[in-house]
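Listed below, chain by chain, are the residues.
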Amino acid sequence: MERAYKVYAITNGTVIDHIPTPLALRVVEILGLGNEGIFTIGVGFQSKRLPGGKDILKIENRILLESETDTIALIAPDATINIIKNGKVSEKRIISVPDHIYGVMQCPNPNCATNKLGAHRHFKLEDKQEMTYRCEYCERVTEIIPENLTAPE
Ligand SMILES: [Zn+2]
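Here the structure is a predicted model, which means the values were calculated and not measured.

1. Observations regarding the sheet that holds strand β8 (residues 132-135)
Overall, antiparallel pairing links the 4 strands, which are arranged β6-β7-β8-β9 in an open sheet. The outermost strands of the open sheet, each flanked by one partner alone, are β6 (100-102) and β9 (141-143). Within this sheet the neighbouring strands show an average axis-to-axis angle of 35 degrees, counted without direction. Inspection of the sheet shows β6 paired to strand β7 (residues 122-127) by 3 bridges, in the antiparallel sense. Paired with His 100 across the bridge in β7 is Lys 124.

2. Some remarks on the domain arrangement of the protein
Entries for the protein in the domain assignment read domain 1 (3-93) and domain 2 (100-148). Contact with domain 1, which involves 8 residues of that partner, is made by 7 residues of domain 2. With both chains or domains summed, domain 1 and domain 2 bury close to 580 Å², and 75% of this area falls on carbon and sulfur atoms. The tally of links between domain 1 and domain 2 comes to 1 residue pair in polar contact (both at pLDDT 80 or more). Here the residues of the side of domain 1 that touches domain 2 sort into 6 nonpolar, 1 polar and 1 charged.

3. Topic: the coordination of the zinc ion
Distances from the zinc ion to its protein donors, namely Cys 107 (SG), Cys 112 (SG), Cys 135 (SG) and Cys 138 (SG), fall within the range 2.3 to 2.4 Å. The site at the zinc ion holds 4 donor atoms, and with the angles between them running 98 to 116 degrees, its shape is tetrahedral. The sequence pattern describing where the donors of the zinc ion fall on their chain is C-x4-C-x22-C-x2-C. Residue Cys 112 is located in the loop between β6 and α4 (113-116), and its partner Cys 138 is located in the loop between β8 and β9; the two are separated by 26 residues in the primary sequence.

4. Some remarks on the sheet that holds strand β3 (residues 54-60)
Taken in spatial order, the 5 strands line up as β2-β3-β1-β4-β5 in an open sheet, and their pairing is antiparallel. Pairing within the sheet leaves two strands with one partner each, and these edge strands are β2 (38-45) and β5 (88-93). The mean inter-strand angle of the sheet, taken between neighbouring strand axes irrespective of direction, is 20 degrees. Relative to β3, strand β1 (residues 13-20) runs antiparallel, the two sharing 6 bridges. Bridging across to β3, Ile 19 finds its partner in Asp 55.

Cut-offs applied
- Residues numbered from 1 in each chain as written.
- Predicted model: local features only at pLDDT ≥ 70, side-chain atom pairs only at ≥ 80, totals over all residues.
- Heavy atoms only, no water.
- Pairing = 2+ DSSP bridges.
- Helix = DSSP H or I, 4+ residues; strand = E, 2+ residues; numbered from the N terminus.
- Axes fitted to C-alpha atoms, helices over the stretch in contact; angles between N-to-C directions.
- Domains from an automatic or database assignment.
- Contact = heavy atoms within 4.5 Å.
- Buried area = accessible area lost by both parts, 1.4 Å probe.
- Polar contact = N/O pair within 3.5 Å; in protein donor to acceptor, adjacent residues only side chain to side chain.
- Nonpolar A, V, L, I, M, F, W, Y, C, P; charged D, E, K, R; others polar.
- Donors = N, O, S within 2.8 Å, 3.2 Å for Na, K, Ca; no water.
- Tetrahedral: all angles 85-135°; square planar, octahedral: opposite > 155°, others 65-115°.

Right, dumping it as structure tokens:
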């Protein structure tokens, strides 16, 4: 196992590994973790898989829902999720981009009802390979841009 696991070992919770540097804070934001729980971020670990380095996010005493870990796939499609119970990995979760995105993504169309009238944001997956989504209101198709993701509404 990699040294990083030992340095910040947690007993119960969720470990998200292989987040491209420096996106761990974006993951914290889109999960809305800023105000809850204890989390630890390691930034810029060396990684064979990610030449630009990887971040590791550990969330103590919180098992992320599958809907939450799939949201992580939007900005870190190669992230690995380990659920830790009693100091051991109890589940390695495969993530994939979600079919629907609620809340966390802003429509790039300034005239969209979600931007002008405060309608609830909702995107449907358009193309899995290209990672594009279609807005349910104005039908604008957009790529995932990590900077355009926000905390849940
Ligand atoms: Zn729209």
